[in-house]
Amino acid sequence: MGSIRIAIVGIGNCASSLVQGLEYYGEGSNDAVGLMHWEVGGYRPADIKVVAAWDVDARKVGKDVAEAIFAKPNCTAVFAANIPSTGTIVKMGAVMDGVADHMADYKDERTFVVANDIQPDKAQVVAELKASGADVLMNYLPVGSQQATEFYAECALEAGVAFVNNIPVFIASNPEWAKKFEDAGVPIIGDDIKAQLGATIVHRVLTDLFAKRGVKLDRTYQLNTGGNTDFLNMSNHRRLESKKISKTEAVQSVAAERLEDENVHIGPSDYVPWQNDNKVCFLRMEGQLFGGVPMNLELRLSVEDSPNSAGVAIDMVRCAKIARDRGIGGVIDPASAYFCKHPRTQMTDDLAQIEVEKFIAAA
């Protein structure tokens, strides 16, 4: 089938887990545990190659991707320490609104150290995408990076490169942006990646279970804590608006009846530095069983945040590539619904899985 050539914006913890995973699941090494699909449209994890990368941190810019993924402030688990050189050097990215002001108030090892290099314009990024032969551009910018995400989305459009939007800036689910990608014949999957077994997918499945078993859901909360740069970035609540919308809508969309705003609270709650990339979710659901008899459910979930999304990202990359191979442009709804929190078209997860399997099989 050949290779899938990917470009990455933001060489943080999620990119680190993705690149480590490509090595970990290399041909003939380890088994398929942790992957939803070993093969998608004829493509395996070993077929994915990183051919372009951008970041704004001085400790990453100018380094090979294989080295940059382990540079501070990255703090995720290392499960594949010996990554061979990729030959791809991390270039200086466009800062725009990608670095929140409050990040400057923390120690270097915990926050971003913005490089003094000259930032690229759109023409330079487009040229790099074309020269590298990239098939798919992965967006791993910090939450709240509206301007920067739109900048790179425009670059993908102009370069004719599929766009995978892993963050809660609404591109695929925005009708105007969706039409731009459709008109250009460029595939897009998004928005806001849904982890393999994270807080949102667990909350969604339980909410759907309540609906299917006739349990009335009265109120619920999901409180999350973590110590990576994602949580530090989101400790400024002005960066959180789209994230809260994305996570809340993911749950509301599968409820039997939408809850009043005061009865649902979902979102990051606090930055706890010593947790590093470990994310802890506290989930509570209150409802009514047969006869109106009350019940409640409490759950604590602890996961390493970034590896939890990397296997999903590998499937998103492959779905974007097979869409490109088949000449399909615009939003890839089955993949977006199954892999993302805020797709253009919401589906229950069992239906989304059926639709994405049909999409893969058709490829």
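Calculation criteria
- Residues numbered from 1 in each chain as written.
- Predicted model: local features only at pLDDT ≥ 70, side-chain atom pairs only at ≥ 80, totals over all residues.
- Heavy atoms only, no water.
- Helix = DSSP H or I, 4+ residues; strand = E, 2+ residues; numbered from the N terminus.
- Rg over C-alpha atoms; globule rule 2.2 N^0.38 Å.
- Buried < 20%, exposed > 50% of the residue type's maximum accessible area, 1.4 Å probe, protein only.
- Contact = heavy atoms within 4.5 Å.
- Lys, Arg positive; Asp, Glu negative; His and termini not counted.
- Charge placed at Lys NZ, Arg CZ, Asp CG, Glu CD.
- Polar contact = N/O pair within 3.5 Å; in protein donor to acceptor, adjacent residues only side chain to side chain.
- Phe/Tyr/Trp six-rings, centres within 6.5 Å; stacked < 30°, edge-to-face > 60°.
- Lys NZ or Arg CZ within 6 Å of the ring centre and 35° of its normal.
- Expected span 1.5 Å × (residues − 1).
- Pairing = 2+ DSSP bridges.
- Axes fitted to C-alpha atoms, helices over the stretch in contact; angles between N-to-C directions.

Q: If you had to explain the overall build of the chain to someone new, which residues and values would you point to?
A: A tally of regular secondary structure across the chain gives 11 helices and 11 strands. Computed over the C-alpha atoms, the radius of gyration of the chain is 20 Å, within 12% of the 21 Å expected from 2.2 N^0.38 for a compact globule of 363 residues. The principal-axis extents of the C-alpha atoms in the chain amount to approximately 65 × 50 × 45 Å. Burial statistics for the chain: of 363 residues in total, 57% are counted as buried. In the chain, 77% of the contacts between residues at least 6 apart in sequence involve partners at least 24 apart. Charge centroids of the chain, computed over 36 positive and 48 negative side chains, lie 1 Å from each other.

Q: Can you lay out the side chain of Asn-233 for me, pointing to particular residues and giving the numbers?
A: With respect to the helices, strands and loops of the structure, Asn-233 is situated in helix H7 (residues 229-234). Here Asn-233 falls in the buried class, since its relative accessible area comes to 1%. A distance of 3.1 Å separates polar atoms of two side chains, one belonging to Asn-233 and the other to Arg-239. In this structure, Asn-233 is in contact with Ala-100, His-102, Met-103, Pro-142, Val-143 and Arg-239, ignoring residues within four places of it in sequence.

Q: Can you tell me about the packing of aromatic side chains, naming the residues and giving the values?
A: Applying the stated criterion to the full structure yields 7 aromatic pairs. Taking 6.1 Å as the distance between ring centres and 85° as the angle between the ring planes, the aromatic pair formed by Tyr-106 and Tyr-271 counts as edge-to-face. Of this pair, Tyr-106 sits in the loop between strand S3 (91-92) and helix H3 (122-132) while Tyr-271 sits in strand S8 (residues 264-271), and the two are 165 residues apart along the sequence. Residue classification places Tyr-106 among the partly exposed positions, given a relative accessible area of 35%. Between the aromatic rings of Phe-151 and Tyr-152, the centroid separation amounts to 5.0 Å while the plane-to-plane angle is 85°, which identifies the pairing as edge-to-face. Judged by relative accessible area, Phe-151 falls into the buried class, the value being 12%. Ring pairs connect the aromatic residues Tyr-24, Tyr-25 and Phe-79, which therefore count as one cluster. The lysine or arginine in question, Lys-180, covers the ring of Trp-177, its NZ or CZ lying 4.1 Å from the ring centre.

Q: Can you lay out helix H4 (residues 146-159) for me, pointing to particular residues and giving the numbers?
A: With 14 residues, H4 should cover 20 Å at 1.5 Å per step; its first-to-last C-alpha distance of 20 Å lies within 8% of that length. The set of residues buried in H4 consists of Ala-148, Thr-149, Phe-151, Tyr-152, Ala-153, Cys-155, Ala-156, Leu-157 and Ala-159. The inward-facing, buried residues of H4 abut strand S1 (4-9), strand S2 (48-55), H3, strand S4 (136-139), strand S5 (162-165) and helix H5 (175-184). Just past H4, the residue Gly-160 takes up positive phi, approximately 70°.

Q: Give me the lowdown on the environment of Val-254, citing residues and values where you can.
A: Considering the arrangement of structural elements, one finds Val-254 in the loop between helix H8 (241-252) and S8. Its relative accessible area of 6% is what places Val-254 among the buried residues. Distance in space between the C-alpha atoms of Val-254 and Asp-349 is 8.9 Å, their sequence separation being 95 residues.

Q: Pulling in residues and values, what's your account of the sheet that holds strand S7 (residues 216-226)?
A: Taken together, the 4 strands give an open sheet; going across it, the order is S8-S7-S9-S10, and neighbouring strands pair in mixed fashion. Two strands in the sheet have a free side with no partner beyond their single neighbour: S8 and strand S10 (294-304). Here the average twist between neighbouring strands, direction ignored, is 10°. Two strands pair when backbone bridges link them, and S7 and strand S9 (residues 278-288) are joined in this way by 9 bridges, in the antiparallel orientation. What sits directly across from Lys-216, in S9, is Gln-288. Here helix H6 (residues 199-212) sits on the sheet in contact with S7, S8, S9 and S10, set at roughly 15° to S9. Lying on the sheet, H8 is in contact with S7, S8 and S9; it crosses S8 at an angle near 140°.

Q: Which residues make up the sheet that holds S1, and what values do they have?
A: What holds strands together in a sheet is hydrogen bonding between their backbones, with the strands either parallel or antiparallel. Pairing is parallel across the open sheet formed by 7 strands, whose spatial order is S3-S2-S1-S4-S5-S6-S11. Where the open sheet ends on each side, the last strands, each with one partner, are S3 and strand S11 (330-331). In the sheet, S4 pairs with S5 via 4 bridges, with the strands oriented parallel. Each bridged residue has a counterpart across the sheet, and for Asn-139 the counterpart in S5 is Asn-165. In the packing of helix H1 (residues 13-24) onto the sheet, contacts are made with S1, S2 and S4, and the angle to S1 comes to roughly 160°. Contacts between helix H9 (residues 307-325) and the sheet are confined to S1, S2, S4, S5 and strand S6 (187-189), with S6 contributing the most and set at about 160° to the helix.

Q: So what's going on with the environment of Val-113? Which residues, and what values?
A: Residue placement: Val-113 occurs in the loop between S3 and H3. Judged by its relative accessible area of 26%, Val-113 is partly exposed. Sequence separation between Val-113 and Met-103 is 10 residues; the distance between their C-alpha atoms is 9.2 Å. Setting aside its immediate chain neighbours within four residues, Val-113 contacts Val-56, Asp-57, Ala-58, Arg-59 and Asp-108.

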